[in-house]
Each structure stands twice: as structure tokens, then as C-alpha cells.
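One-letter residues, chain by chain:
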Amino acid sequence: MTPEARAQAALQYHAEPIAGKIAIHITKPCNTQADLALAYTPGVAEPVRMIAQDPEAVYRYTAKGNLVAVITNGTAVLGLGNVGALAAKPVMEGKVILFKKFADIDCFDIEIGTCNTQDFIDTVVRISPTFGGINLEDIAAPACFEIERALAQRLDIPVVHDDQHGTALNIAAGLLNALELQGKRLTNVRIVFLGAGAAAIASMRLLRTLGVGAEQLLVVDRQGVLHSGRTDLNIYKREFAVETSARTLHDAMRGADVLIGLSGPHLVTPEAVAGMAAKPVIFALSNPDPEIAPVQVRAVRADAIIATGRSDYPNQVNNALGFPYLFRGALDVRARCINDAMLIAAAQALRMVAHEPVPAEVLTAYGLTELHYGPDYILPKLIDPRLNRIVSAAVAHAAVMSGVARMPYPAHYPDVEVWQGAPG
């Protein structure tokens with residue numbers, strides 16, 4: 001299909017037969033006078049009275065417990081940049097579809113027309129009583145850090161900036177498996193991050209929580225390596241500046257075990273990859289075009305494990321492997337927040353699924369006869385039905401054990417040992 005044909009097909013998909021990708025359906029009978037009397041006046045007064053007396057009753061009598069807001073201001077949309085709130089709406093509707101498809105979570109997409117950080121925060125706080133969780137999306141750094149932090153402090157429902165936390169847990173899961181296959185350990189490898197935006201900073205923070213030391217990380221932005229002598233770094237980048245003689249990406253990659261690209265297309269050369277340590281791991285996650293194409297890596301390093309953000313290469317790192325189940329588990333125990341324990345549990349459960357035999361329905365969907373844990377399969381496929389059961393359960397259990405859940409571990413979830421068997 002030509003680029004022109006692909007663009008036309010995408011426009012037609014969004015326009016026909018009904019504009020947009022989402023709609024609302026009702027969940028109760030509404031066919032008779034009696035039904036209407038229960039759905040609205042006078043019957044609706046009864047749950048109103050119950051909620052006024054006990055705010056927790058809102059979860060029993062309304063849709064709040066399974067309703068997430070997907071919220072943006074359109075300042076960092078996919079690879080398109082600051083297109084504004086209105087133009088971001090198709091992407092937010094797409095995110096709503098993924099929530100519903102993979103975890104049966106209902107969502108409203110909300111596009112807020114402001115670039116003022118405090119106005120954005122105040123707007124979300126004011127509408128938050130409607131929702132059981134808040135998914136922030138496509139908000140530019142560094143404002144996204146302040147927004148996420150402020151909302152997490154002010155609200156008692158889960159708040160996730162998926163560009164940060166969803167990316168982080170997927171990278172952690174994939175990297176743990178890739179390093180295991182390469183015979184290396186997370187705590188003693190040299191890791192280079194190309195890109196120092198929201199996704200990279202959140203990913204590095206989670207890796208540090210998993211045991212990566214500051215001396216193991218080198219970060220490269222548009223101006224070069226984040227080193228302690230630079231005076232142009234904001235507070236978030238300064239967190240990762242280190243004493244080093246490395247100044248360029250090529251310097252940083254020399255002898256490195258891992259490269260994680262969260263930047264832009266075609267920024268990594270085959271020569272730089274050739275200079276990495278034996279059995280390197282390369283996550284080239286820029287979309288749609290990676291920092292370096294897998295074929296270019298293979299030309300110089302047959303011993304590399306490669307992941308991208310694309311579905312047409314092996315080892316797709318996609319946030320849809322994480323965020324639906326992060327929220328599913330959190331909602332099912334009415335968690336007050338998403339904490340590091342829940343993110344780590346999600347990552348460990350996600351990587352465990354890749355170790356298990358792949359269901360026949362997944363093989364059929366991808367046109368495969370077999371698929372096994374190995375260099376070309378370090379993360380489960382997006383449509384794997386086990387993810388909702390196992391990853392959601394891991395998140396719910398971590399929420400309970402870390403004291404942020406209002407409800408006990410659900411009886412319909414699998415036994416803890418089903419997902420706690422993740423390899424170390």
C-alpha cells in the first residue's frame with residue numbers, strides 16, 4: 001500500500017460509517033415508564049441520598065469504579081508535536097479503544113485547551129469526582145512532570161502519565177528478559193539512554209528502583225551527554241548528569257551493554273553499534289522510524305537483541321502491553337494511587353508471560369506456527385489474553401500489599417503464585 005493509499009484508508013476508517021471511534025451505550029433497561037422512573041426521577045434520588053451519606057457508595061451505584069479519563073492538552077502528540085487539544089482528539093479516542101478492548105475499562109477522552117500548567121491541573125482536579133482513574137497523555141515535558149506530581153498529591157485515585165509510567169514498565173520488562181537471554185544482569189551493565197524526555201526520565205527512575213546505579217547510566221540529549229559540567233540542564237535532566245569524559249552519543253555507546261532510544265529516527269549509526277560490548281541489547285523505540293533499523297544492527301552485530309516500537313518487527317515495545325492492566329488492577333482494588341511497587345509488579349508479571357507457552361489463538365492472529373521465549377520474543381504479543389488476568393492481578397496484589405488499596409485482592413483473580421513465579 002502506498003503512503004497516499006494508507007493515508008486515505010486511515011481517514012476513511014475514522015470517518016465512516018460513523019464519525020470517530022467511540023460511542024456510549026446504556027447498561028440498564030430503559031424501555032418502560034417503570035424503567036425511566038428508576039433511571040431518573042424519582043428513583044435516582046435513592047442512590048443520591050446514599051452517596052451523600054457515604055461517598056464510597058458512589059462505587060456501588062455509579063460507573064465511577066470502571067471509568068477512566070484520558071486527558072491531554074495536545075502539546076506532545078505521538079511524533080506530531082504540539083498540534084493542540086482539538087487535533088489530539090483522534091489519538092485520545094484511540095487510547096479509549098485500547099482500554100476497552102484489552103481491559104474492559106470505560107473511558108472518556110478529555111481535551112483541555114490550555115498550555116498553562118496550573119490551569120490544566122486545576123481543571124483535572126475539578127472534574128476528578130467523575131472518574132476512578134486519570135490517564136494523562138501526550139503532554140510535553142517538563143510540564144508533564146509537574147502535572148503528574150501535583151495530581152498524584154491532590155487526588156485519591158490512580159493518576160498515570162502513560163508516556164512516563166507505561167513506557168517505563170514495558171522497558172523494564174523487556175530489558176530484564178533481554179539481559180537474561182544475553183547472560184547479563186541489570187545491576188552490572190552499562191546503559192545508554194538516547195533521549196531525555198518524559199519517557200526516558202521515568203524509565204531511568206524505574207530502573208534505578210530495580211537496582212541500577214547512577215554510575216551505570218549515561219544519557220544523551222540533543223546537545224550531547226548529560227555530564228556534571230553542563231549548565232543548560234533543567235532539574236529533571238540534572239538528576240542524571242554524571243562525571244564522565246564522554247561527550248557524544250558515539251562516546252557514550254563505546255563499550256555499552258544497552259542502548260535505549262526514546263528520541264527520533266536515524267540518530268544511531270552502525271559504527272556506534274559495532275563499538276558496543278559483546279551481546280548488546282538495543283531498544284530503538286522511536287516511532288514510526290526507529291533510531292536505527294534492525295537490518296542495520298544485524299549487519300554489524302549478529303549477537304544483538306533488538307526491540308522497536310513497531311509491530312512489523314520482532315519484540316515490539318508498546319505501552320498497550322501495560323497501561324490497560326495497570327489501571328484494571330488498580331481499579332479492581334480501588335487503589336488510591338499508582339506506586340513503584342505496582343509498576344514493578346506489572347513489569348515482572350509482563351516478562352513472566354513471555355516465558356510461558358504462547359496460546360494458539362495468538363499464533364493464529366500473527367500467522368505463526370510457533371513462538372518461544374528467545375531473542376526474537378522477549379515480550380508478549382499485544383493480543384495475548386493472559387495479560388489482563390496475570391498483569392492486572394500482579395498490580396492489584398501489589399496495591400494491597402503496599403497499603404494503597406481500599407479493597408481486598410479480588411476473589412475472581414488468579415492465585416498469587418500464578419504470576420509470582422516470574423524469573424528473577
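So, a few notes on the structure that sits alongside this text. Since the model is a prediction, treat every value here as computed from it, not as a measurement. (Residues numbered from 1 in each chain as written. Predicted model: local features only at pLDDT ≥ 70, side-chain atom pairs only at ≥ 80, totals over all residues. Heavy atoms only, no water.)

## Topic: the overall build of the chain
Link 1 in the chain: When its secondary structure is counted, the chain shows 18 helices and ten strands.
Link 2 in the chain: With respect to the principal axes defined by its C-alpha atoms, the chain has extents near 75 × 50 × 50 Å.
Link 3 in the chain: Sorting the 424 residues of the chain into buried and exposed places 51% on the buried side.
Link 4 in the chain: Sequence-distant contacts in the chain: of pairs separated by 6 or more residues, those separated by 24 or more amount to 67%.
Link 5 in the chain: Counting 36 positive and 42 negative side-chain charges, the chain places the averaged centre of each group 3 Å from the other. (Helix = DSSP H or I, 4+ residues; strand = E, 2+ residues; numbered from the N terminus. Buried < 20%, exposed > 50% of the residue type's maximum accessible area, 1.4 Å probe, protein only. Contact = heavy atoms within 4.5 Å. Lys, Arg positive; Asp, Glu negative; His and termini not counted. Charge placed at Lys NZ, Arg CZ, Asp CG, Glu CD.)

## Looking at the pattern of salt bridges
Link 1 in the chain: Inspection of every chain in the model, using the stated rule, returns 25 salt bridges.
Link 2 in the chain: The salt bridge involving D303 is made with R301; its shortest N-O contact spans 3.0 Å.
Link 3 in the chain: Residue classification places R301 among the buried positions, given a relative accessible area of 9%.
Link 4 in the chain: Taken together, the salt bridges that share partners define one network made up of E56, D156, R334 and R406. (Salt bridge = Lys/Arg side-chain N within 4 Å of Asp/Glu carboxyl O.)

## Here's the deal with the environment of A178
Link 1 in the chain: The topology assignment puts A178 in helix 8 (residues 162–181).
Link 2 in the chain: Judged by relative accessible area, A178 falls into the buried class, the value being 0%.
Link 3 in the chain: It is 9.4 Å that separates the C-alpha atoms of A178 and A307, two residues lying 129 residues apart in sequence.
Link 4 in the chain: In this structure, A178 is in contact with V281, F283, I305 and I378, ignoring residues within four places of it in sequence.

## Considering the nonpolar core
Link 1 in the chain: Counting 104 residues, the largest nonpolar core has I134, L175, I191 and F283 as its most contacted members.
Link 2 in the chain: Other than its neighbours up to four places away in sequence, I134 contacts A69, I71, V124, L155, I157, P158, V159, V160 and F327. (Core = buried A, V, L, I, M, F, W, Y, C linked by side-chain atoms within 4.5 Å.)

## Quick look at unusual backbone geometry
Backbone geometry follows two general trends: most residues other than glycine have a negative phi, and most peptide bonds adopt the trans configuration.
Link 1 in the chain: The step from T41 to P42 runs through a cis peptide bond, and the omega angle for that step is 5 degrees.
Link 2 in the chain: As for its position among the elements, P42 is in the loop between helix 2 (33–39) and helix 3 (45–53).
Link 3 in the chain: Of the consecutive residues A141 and P142, the connecting peptide bond is found in the cis state with omega at 0 degrees.
Link 4 in the chain: Turning to its location among the elements, P142 is positioned in the loop between strand 3 (133–136) and helix 7 (143–154).
Link 5 in the chain: A positive phi angle, close to 60 degrees, is found at N315, a residue other than glycine.
Link 6 in the chain: When you line up the elements, N315 lands in the loop between strand 10 (305–308) and helix 14 (323–332).

## A word on the environment of D104
Link 1 in the chain: With respect to the helices, strands and loops of the structure, D104 is situated in the loop between helix 5 (85–103) and strand 2 (106–111).
Link 2 in the chain: For D104, a relative accessible area of 45% puts it in the partly exposed group.
Link 3 in the chain: Non-local contacts of D104, meaning those with residues more than four positions away in its chain, are made with N66, F99 and R328.

## Things to note about the packing of helix 8 against helix 15 (residues 340–355)
Working note: a packed helix pair is described by the angle between its axes plus the distance between those axes.
Link 1 in the chain: It is the contact of helix 8 with helix 15, at a shortest axis distance of 8 Å, that shows an interaxial angle of 45 degrees. Here helix 15 runs oblique to helix 8, going by the angle between their axes. With respect to the hand of their crossing, helix 8 and helix 15 are arranged in right-handed fashion. Residue-level inspection shows H165, L169, N170, A172, A173, L176, N177 and E180 of helix 8 in contact with helix 15, the latter providing L343, A346, A347, Q348, L350, R351, A354 and H355.
Link 2 in the chain: Here the residues of the contact of helix 8 with helix 15 sort into nine nonpolar, five polar and two charged. (Axes fitted to C-alpha atoms, helices over the stretch in contact; angles between N-to-C directions. Parallel < 35°, antiparallel > 145°, perpendicular 65-115°, else oblique. Left-handed = near helix turned anticlockwise from the far one by under 90°. Nonpolar A, V, L, I, M, F, W, Y, C, P; charged D, E, K, R; others polar.)

## Thoughts on the pairing of strand 9 (residues 281–284)
Side-chain positions along a regular strand alternate between the two faces of the sheet.
Link 1 in the chain: Here strand 9 shows a buried face lined by V281 and F283 and a second buried face lined by I282 and A284.
Link 2 in the chain: One ladder, built from four bridges, connects strand 8 (residues 258–261) with strand 9; its direction is parallel. When the bridges of strand 9 are listed, G261 appears paired with A284.
Link 3 in the chain: When strand 9 meets strand 10, the two strands line up parallel, connected through four bridges. Counted as the bridge partner of V281 is I305 from strand 10. (Pairing = 2+ DSSP bridges.)

## A closer look at a nonpolar patch on the surface
Link 1 in the chain: A contiguous nonpolar surface patch, about 310 Å² in accessible area, is contributed by L78, L80 and V83.
Link 2 in the chain: Here V83 shows up in the loop between strand 1 (67–72) and helix 5.
Link 3 in the chain: On the basis of relative accessible area, V83 is assigned to the partly exposed category, the value being 35%. (Patch = residues over 30% accessible without salt bridge, like charges linked within 9 Å, V, L, I, M, F, W, Y side chains within 5 Å. Areas by Shrake-Rupley, 256 points an atom, 1.4 Å probe, with all protein chains shown as cover.)

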